[in-house]
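Structural characterization, general
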Amino acid sequence: QVQLVESGGGLVQSGGSLRLSCAASGSIFRVNAMGWYRRAPGKQRDLVATITSGGTITYADSVKGRFTISRDNAKNTVYLQMNSLKPEDTAVYVCNADTVVAQTGYLSPYPSNYWGQGTQVTVAS
């Protein structure tokens, strides 16, 4: 099994910045793409940004130019630097990871997708 632990959420004024972190740990053989999604009250979960192990990045149009996703492959950690925050960015931000899970003995690794618990980001106007 793999666990994702997020940190860095909180309350910030409009125009402010926050940095989210998500660390993957456990029986990791390899971590492929990692990403951030968000779920605003009363809305569905939406993509914020993703990054592959090779560094290919995708952003939602609503965050382009304001948010930056990055990762440290050695630490199996993904970051989301959020600048120029707006009240409409208020949401629970959830980390996602496409992994290959290691198994003991002669069992082969297998792919699996994991979600974190989420961290609240609130932007006050």
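Our subject is the structure listed above.
In this text the structure is predicted, and so the values were computed from the model without any measurement.

Let us now look at the overall build of the protein chain. Helices and strands together make up the secondary structure of the protein chain, namely 0 helices and 11 strands. Tracing the protein chain from N to C terminus, the helices and strands come up as β-β-β-β-β-β-β-β-β-β-β. Here the protein chain has a C-alpha radius of gyration of 15 Å; the compact-globule value for 125 residues is 14 Å, and the two agree. By principal-axis analysis of the C-alpha atoms, the protein chain measures approximately 55 × 25 × 20 Å. Split into buried and exposed, the 125 residues of the protein chain put 39% on the buried side. When contacts within the protein chain are restricted to residue pairs at least 6 apart in sequence, long-range pairs at least 24 apart make up 57% of them. Summing over all exposed atoms, the protein chain offers an accessible surface of approximately 6,600 Å²; the carbon and sulfur share of this is 49%.

Topologically, Tyr-79 is positioned in strand β8 (residues 77–82). For the pair Tyr-79 and Gly-8, spaced 71 residues apart in sequence, the C-alpha to C-alpha distance is 9.5 Å. When near neighbours in sequence (up to four residues on either side) are disregarded, Tyr-79 contacts Arg-19, Leu-20, Ser-21, Trp-36, Thr-68, Ile-69, Ser-70, Arg-71 and Asp-72.

Procedures and definitions
- Residue indices follow the written sequence of each chain, beginning from 1 at its first position.
- Per-residue local features of the predicted model are confined to residues with pLDDT of at least 70, and side-chain atom pairs are confined, for both listing and counting, to 80 or more; whole-chain, interface and lining totals are unaffected and use all residues.
- Side-chain metrics in this entry use all non-hydrogen atoms of the structure; hydrogen atoms and water are not considered.
- Strands are runs of DSSP state E lasting at least 2 residues, helices are runs of H or I lasting at least 4, and numbering of each runs from the N terminus.
- Values of the radius of gyration come from C-alpha atoms, whereas the globule rule sets the reference at 2.2 Å times the count of residues to the power 0.38.
- Between buried and exposed lies partly exposed: a residue is buried under 20% and exposed over 50% of the maximum accessible area for its type, with that area taken using a 1.4 Å probe on protein chains only.
- A contact between two residues is defined here by any heavy atoms of the two lying within 4.5 Å.
- We get accessible surface area from the Shrake-Rupley algorithm with a probe of 1.4 Å; when it comes to residues, only the shown protein chains can shield them.

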